[in-house]
Amino acid sequence: MLNFLKRNRILMVSFDVPPQGIWGVADNIFKLYTHLSKTYSIDIASRNLNSCSKFVNIFTDKFSDDCLLINKFREREVYKDFELLTAWNLHLEKKIKEFYNFHDVKPSLVHCHSWLVMIACKNIALYYNIPLIYTAHFLEKQYSGIKSIPTIADFEEIIS
């Protein structure tokens, strides 16, 4: 029975993974991975910054992250522009498909662990015709004290 379950692959996609936690989402990834990897094959996709993590086996490249995510003028920002974040998601989606194509396997389920990677997760779930589970960690109130980021337009995009 365990071999059958291990053939089921869960793809977890997160912007925040151990050990580089930003908001505590990484702690949730660690707990889920620790528990689920006993029974299932787990793949974790994230940004190149997290490529040194022992948990991440699918990641974007540094050049794409630098061009599409990193704001050199505001270090604490996680992304600089929603359209560029969308482009980065499409790049992450491409990296995920390349990984599964290379290994001649596919995920059985996608677990989206942040609104920041939702576009990639939705596209992967549609492409492989598999279920998508979304863990929402985004609360607009967490940003209420920040004047400029994310903007109201970002919230509208996220919610849609």
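Peer 1: For this particular structure, what's the right way to read the sheet that holds strand 4 (residues 109-112)?
Peer 2: Strands belonging to one sheet form pairs held by backbone hydrogen bonds; the direction of such a pair is parallel or antiparallel. Read from one edge to the other, the open sheet built from 5 strands follows the order 3-2-1-4-5, with strand pairing classed as parallel. Each edge of the open sheet carries a strand with a single partner, namely strand 3 (58-59) and strand 5 (132-134). Looking at chain direction, strand 4 and strand 5 are connected through 3 bridges and run parallel. Each bridged residue has a counterpart across the sheet, and for Val110 the counterpart in strand 5 is Leu132.

Peer 1: Would you explain the confidence of the model for the protein chain in this entry?
Peer 2: Segments scoring low in pLDDT should not have their predicted coordinates read at a detailed level. The share of residues in the protein chain with pLDDT of 70 or more is 74%, and the mean pLDDT across the chain is 81. When the elements of the protein chain are averaged for pLDDT, helix 1 (residues 2-7) gives the smallest value, 54, and helix 5 (residues 118-128) the largest, 96.

Peer 1: What's the story with helix 5 in this structure? I'm lost.
Peer 2: An α-helix turns once every 3.6 residues. As a result, residues three or four positions apart point the same way. Within helix 5, burial applies to Ala120, Cys121, Ile124, Ala125 and Tyr128. Seen end-on, helix 5 carries its buried residues on one side only, within an arc spanning 130°. In helix 5, the exposed positions that point more than 90 degrees away from the buried face belong to Leu126 and Tyr127. Packed against the buried residues of helix 5 are strand 1 (9-13), helix 4 (82-103), strand 4 and strand 5.

About the thresholds
Along every chain, residues carry numbers that run from 1 in the direction the sequence is written. Since the coordinates come from a predicted model, pLDDT governs what is reported: local features require at least 70, and pairs of side-chain atoms require 80 or more to be given and counted, while whole-chain, interface and lining totals use all residues. Just so you know, side-chain values use all the structure's heavy atoms and leave hydrogens and water out. Should DSSP find at least two bridges between two strands, the strands are taken to pair. Numbering goes from the N terminus for both helices and strands, where a helix is a DSSP run of H or I of at least four residues and a strand is a run of E of at least two. Known as pLDDT, the predictor's per-residue confidence is scaled from 0 to 100. Burial here depends on accessible area, computed with a 1.4 Å probe over protein chains only, as a share of the maximum for the residue type. Under 20% is buried, over 50% is exposed, and the range in between is partly exposed. The arc in question is traced by the directions running from the helix axis to the C-beta atoms. Throughout, a residue-residue contact means that at least one pair of heavy atoms, one from each residue, lies within 4.5 Å.

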